[in-house]
Protein chains: 2
Amino acid sequence: MTTRRVTLVDVARLAGVDKAIVSRVVNADPSLVIRPDTRERVLEAIQNLGYRPNSAARSLRTAKAGTLGLVIPDFANPVYAEIITGAESAALAKGHVLVTGSSTGAHSSMERYLDLLGQGRVDGLMLASPTTPGEQQKLESLGLPWMMVNRRDTGEHHRYVILDDAQAAKLAVEHLLELGHRKIVHVAGPFGADTARRRATGYRQAMKVTDIPVRAEDIARGDYTPRGGAEAMAELLRKGPAPTAVFVANVAMAVGVLDTLRRARMRVPEDVSVVAVHDLPLAEHLVPALTTVRMPLQELGARAVDLLLGSSPEDEVAEVVRTAMELVYRESTAPPKG
Amino acid sequence: MTTRRVTLVDVARLAGVDKAIVSRVVNADPSLVIRPDTRERVLEAIQNLGYRPNSAARSLRTAKAGTLGLVIPDFANPVYAEIITGAESAALAKGHVLVTGSSTGAHSSMERYLDLLGQGRVDGLMLASPTTPGEQQKLESLGLPWMMVNRRDTGEHHRYVILDDAQAAKLAVEHLLELGHRKIVHVAGPFGADTARRRATGYRQAMKVTDIPVRAEDIARGDYTPRGGAEAMAELLRKGPAPTAVFVANVAMAVGVLDTLRRARMRVPEDVSVVAVHDLPLAEHLVPALTTVRMPLQELGARAVDLLLGSSPEDEVAEVVRTAMELVYRESTAPPKG
DNA sequence: TAGGGTCAGTCAAACGATTGAACGACGCTA
DNA sequence: TAGCGTCGTTCAATCGTTTGACTGACCCTA
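As the structure is a computational prediction, the values presented were derived from the model and not from experiment.

Caption draft 1: Structural view of the protein's contact with DNA strand C. The environment of DNA strand C is made up of 27 residues, and the closest members are Leu8, Arg24 and Arg61 of chain A together with Asp18 and Thr38 of chain B. Backbone atoms, meaning sugar plus phosphate, form 59% of the atoms of DNA strand C positioned within 4 Å of the protein. At 3.0 Å, a side-chain N or O of Lys19 of chain A approaches a base oxygen of DNA strand C. At 3.3 Å from a phosphate oxygen of DNA strand C is found a main-chain nitrogen or oxygen belonging to Asn54 of chain A. Looking at the surface near DNA strand C, the elements that each hand over two or more residues are helix H2 (19–26) and helix H4 (55–62) of chain A together with helix H2 (19–26) and helix H4 (55–62) of chain B. Grouping the amino acids of the surface near DNA strand C by side-chain chemistry returns 11 nonpolar, 6 polar and 10 charged.

Caption draft 2: The protein's contact with DNA strand D, seen in detail. Near DNA strand D there are 28 residues, and of these Asp18 of chain A together with Leu8, Arg24, Arg58 and Arg61 of chain B occur at the shortest range. The protein-proximal atoms of DNA strand D, defined as those within 4 Å of the protein, are 57% sugar or phosphate. Here Leu8 of chain B contributes a backbone N or O atom positioned 2.6 Å from a phosphate oxygen of DNA strand D. Within the residue set of the surface near DNA strand D, elements represented by two or more residues are H2 and H4 of chain A together with H2 and H4 of chain B.

Caption draft 3: Summary view of the interface of chain B and chain A. At the junction of the two partners, chain B supplies 52 residues and chain A supplies 52 residues. Interface of chain B and chain A: buried area, both sides summed, is about 4500 Å²; carbon and sulfur atoms make up 58% of it. Sorting the residues of chain B by area buried against chain A places Arg52, Leu92 and Gln119 of chain B first, and these three jointly supply 18% of that buried surface. Joining chain B to chain A, the criterion identifies 0 salt bridges. There are 8 residue pairs in polar contact (both at pLDDT 80 or more) connecting chain B and chain A. At the level of secondary structure, the elements contributing two or more residues to the side of chain B that touches chain A comprise H4, helix H5 (78–93), strand E2 (97–102), helix H6 (110–117) and helix H11 (251–263) of chain B. For the side of chain B that touches chain A, the leading source of residues is H5 of chain B, giving 7 residues.

Caption draft 4: Seen up close, the relation of the copies chain B and chain A. Structural alignment of chain B on chain A gives an RMSD of 0.1 Å, achieved by rotating through 180 degrees and translating 0.1 Å along the axis. Within this description, the copies of the chain are treated as partners about a two-fold rotation axis.

Caption draft 5: Geometry of H4 of chain A. All names here are of chain A. For H4, the set of buried residues is Ser55, Ala56 and Ser59. Down the axis, H4 shows its buried residues gathered within 105 degrees of arc, on one side only. With a side-chain oxygen positioned 2.7 Å from the backbone nitrogen of Ala56, the residue opening H4 is Asn54. Immediately downstream of H4, the backbone of Ala63 shows phi near 60 degrees, a positive value.

Caption draft 6: Highlighting the pairing of strand E8 (residues 245–248) of chain B. Residues and elements named next belong to chain B. What you see with E8 is no split at all: Ala245 and Phe247 on one side and Val246 and Val248 on the other are buried throughout. In terms of strand pairing, strand E6 (residues 184–188) meets E8 through 4 bridges, oriented parallel. Residue pairing for E8: Ile184 is matched across the bridge by Ala245. Summarising the sheet, E8 and strand E9 (residues 273–277) pair through 4 bridges and their orientation is parallel. Each bridged residue has a counterpart across the sheet, and for Ala245 the counterpart in E9 is Ser273. With H11 bridging E8 and the parallel E9, this β-α-β connection has right-handed handedness.

Caption draft 7: Layout of the side chain of Ser59 of chain B. One can find Ser59 of chain B in helix H4. Apart from residues lying up to four places away in sequence, Ser59 of chain B is in contact with Ala56 of chain A together with Lys64 and Ala65 of chain B.

Caption draft 8: Quick look at the sheet that holds strand E7 (residues 219–221) of chain B. Residues and elements named next belong to chain B. One open sheet accounts for 6 strands, arranged E7-E6-E8-E9-E10-E12; its pairing is mixed. On the outer flanks of this sheet lie E7 and strand E12 (326–328), each paired with one strand and no other. The mean angle between the axes of side-by-side strands here comes to 20 degrees, regardless of whether they run parallel or antiparallel. Sheet topology places E6 next to E7; 3 bridges connect them, and they run parallel. Residue pairing in the sheet places Val187 in a bridge with Ala220 of E7. Contacts from helix H9 (residues 194–208) reach E6, E7, E8 and E9, with the element oriented near 170 degrees to E6. This element, helix H10 (residues 226–239), spans E6, E7 and E8 of the sheet and lies at about 145 degrees to E6.

Caption draft 9: Structural view of the side chain of Arg121 of chain A. By secondary structure assignment, the location of Arg121 of chain A is in the loop between helix H6 (110–117) and strand E3 (124–127). For the buried Arg121 of chain A, no salt bridge exists, and the shortest N-O distance to an oppositely charged side chain is 7.1 Å, to Asp123 of chain B. Polar side-chain contacts of Arg121 of chain A include one of 2.9 Å to the backbone oxygen of Ala65 of chain B. Within the local environment of Arg121 of chain A, its side chain forms a polar contact with the side chain of Thr67 of chain B, the two groups lying 2.7 Å apart. Sequence-distant contacts of Arg121 of chain A, defined by excluding residues within four places in its chain, comprise Ala65, Thr67 and Leu116 of chain A together with Ser55, Ala65, Gly66, Thr67 and Val97 of chain B.

Caption draft 10: A look at the sheet that holds strand E6 (residues 184–188) of chain A. Residues and elements named next belong to chain A. Taken together, the 6 strands give an open sheet; going across it, the order is E7-E6-E8-E9-E10-E12, and neighbouring strands pair in mixed fashion. At either end of the open sheet lies a strand with only one pairing partner, and these are strand E7 (219–221) and strand E12 (326–328). Between one strand axis and the next, the sheet turns through 20 degrees on average, direction left out of account. Judged from the 3 bridges that link them, strand E9 (residues 273–277) and strand E10 (residues 291–294) form a sheet pairing that is parallel.

Caption draft 11: Representation of the environment of Ala230 of chain B. All names here are of chain B. Along the chain, the position of Ala230 falls in helix H10. The exposure class assigned to Ala230 is buried, which follows from its relative accessible area of 17%. Aside from chain neighbours lying at most four places away, what touches Ala230 is Gly256, Val257 and Thr260.

Basis of the calculations
Residues numbered from 1 in each chain as written. Chains lettered and ligands numbered in written order. Predicted model: local features only at pLDDT ≥ 70, side-chain atom pairs only at ≥ 80, totals over all residues. Heavy atoms only, no water. Near = heavy atom within 4 Å. Polar contact = N/O pair within 3.5 Å; in protein donor to acceptor, adjacent residues only side chain to side chain. Helix = DSSP H or I, 4+ residues; strand = E, 2+ residues; numbered from the N terminus. Nonpolar A, V, L, I, M, F, W, Y, C, P; charged D, E, K, R; others polar. Contact = heavy atoms within 4.5 Å. Buried area = accessible area lost by both parts, 1.4 Å probe. Salt bridge = Lys/Arg side-chain N within 4 Å of Asp/Glu carboxyl O. Least-squares fit on C-alpha atoms with pLDDT ≥ 70 in both. Buried < 20%, exposed > 50% of the residue type's maximum accessible area, 1.4 Å probe, protein only. Arc of directions from axis to C-beta. Pairing = 2+ DSSP bridges. Right-handed = clockwise from strand over helix to strand, strands pointing away. Axes fitted to C-alpha atoms, helices over the stretch in contact; angles between N-to-C directions. Lys, Arg positive; Asp, Glu negative; His and termini not counted.

Below, the structure is given as structure tokens:
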């Protein structure tokens, strides 16, 4: 009952030619010289038998898998959803399939993932997950092209694509400054996150061009979650005089920041303005609708794919994607009172 | 400079044995009889050379890819994020890698995806995307085991896993009834969505056990997006006397429903209670925090994998996952006024 | 001491596609 | 009519593993 799968040989037999011909027809080999009627017969046979090339055999022979891997921390984080979408579409455009894995699940440590991928299953690996030195070493030992996405690597051989997070922070802070804010605090991301550090740097830089000093108590760290944001905001309120504006390192924390402000009976934007990084769909539907900095996350994913495919593993790659960054002005920011 | 990749033969040579031995050691072949010191030599050689089995060769020989495919409409939808997470972890637990593709991108129609996957790249395919009859036929012609996830298939050969959406609707409506609501309307999902129909059915059933009639104007359809929810809610307000409670078919539409109610100056939950399906992380951070019905989305994904691997392609599979469904009572529901 | 039974391995044929090299037929030219 | 080039096609090695069949050494037992 199980119809054996159709191979090149079957097609060749039906078309009355050698399988080499069929292979070259399938792959549109430019060196192939063939009579039109022969080609016709071959195509017909392919059609009739419903032949589909076996990718395992092809991969084995060509040592190319036609697949790229992408490891992210968590599917539930919409930031990565955007990156995946961009990467997938770029991969497909180049005839590759994208395998996306998350590294946080019970069964899916990075290392286990690397093992499962084994050799010859992917042609390259993109990592958007935090990576331990051990893992990075294992990664290098695979002999695969790899690329860090949205974070810089820690080794001495650099291969990464990131966004201009400092610039994003500047856009946000400058927006607040233009509105007339002077007392601007920052809810930063976790120390371990590369993006968080760059956004904090951008905040400091933007403040530096003004004459407004930034003191240690103007910055509080959260862990990029709503709860973390809520706690960081509470800390800021406790420590200093009430700010008139907050720059939040990501939207998830901004959600918590809004919670804390609501509890403290501070109105947004009348009493405090809030602006955050990443224009996720969610931002528009918060109350009040959140002013954000839109970042080219899809482009980031796409660029990672292009760089991965377009460079040899030894090349140094250190690119900053700068396209299409802009401030999206919504309801959570306004001029300060008085 | 390019170090050739390490194969079984290299390991065998270093260990001074035949490659067959190495293969059986690697795969823990139970029929293998081997001296402890030989095994030791082999393992050492593997270690020293950093051998990793080539999965293309392995797939070719065994006609198993060790990979499962999952096609979803959109990575940005958190409902699918949950399904992916569950599926991935189940797949990994069974030694498989999960390839997740979205079918909405510019380059990624279902058909193109199926072509790219070719033969021998995945051992089975799970579809959470809406599927046209043409696509379903193509799917069947692949000779791969497949499974519809969270939607029923349209062919005569059934293979699907779904959730008990009618029951979810009942839980929601019963919650409202218990609070004392009588005038309960429903913002339903799009007609084409199987889940939407089942939730609407559940709503009707739950209302039927009471003596409260459900009229046509008590139901409005949206497209599962915030905007769709906003418009559907506006329609309900226009058409009938103001309801005291709304059951919304998903959280995305609930976001829009809240917007519309806010614009209409109706307070939630004082004037109107709102409850929606799916306890996504977002629900907790809306204002007011949304009462929801938690659905076992991860289990759904995991079960899909188990069924896919544990059934032959000809089997009929029609399973409803019923675990762990519960009402999550937050701030958006309360007894009606007066 | 012939024969049988482990034990510990080796041999070699697949799996299906790719690809450089070889080959026969034909037409041309000298 | 020998020689050569071109056209259209076939040949066969190869990619790295898996796995059933086979073998040689050794020990026991009759």
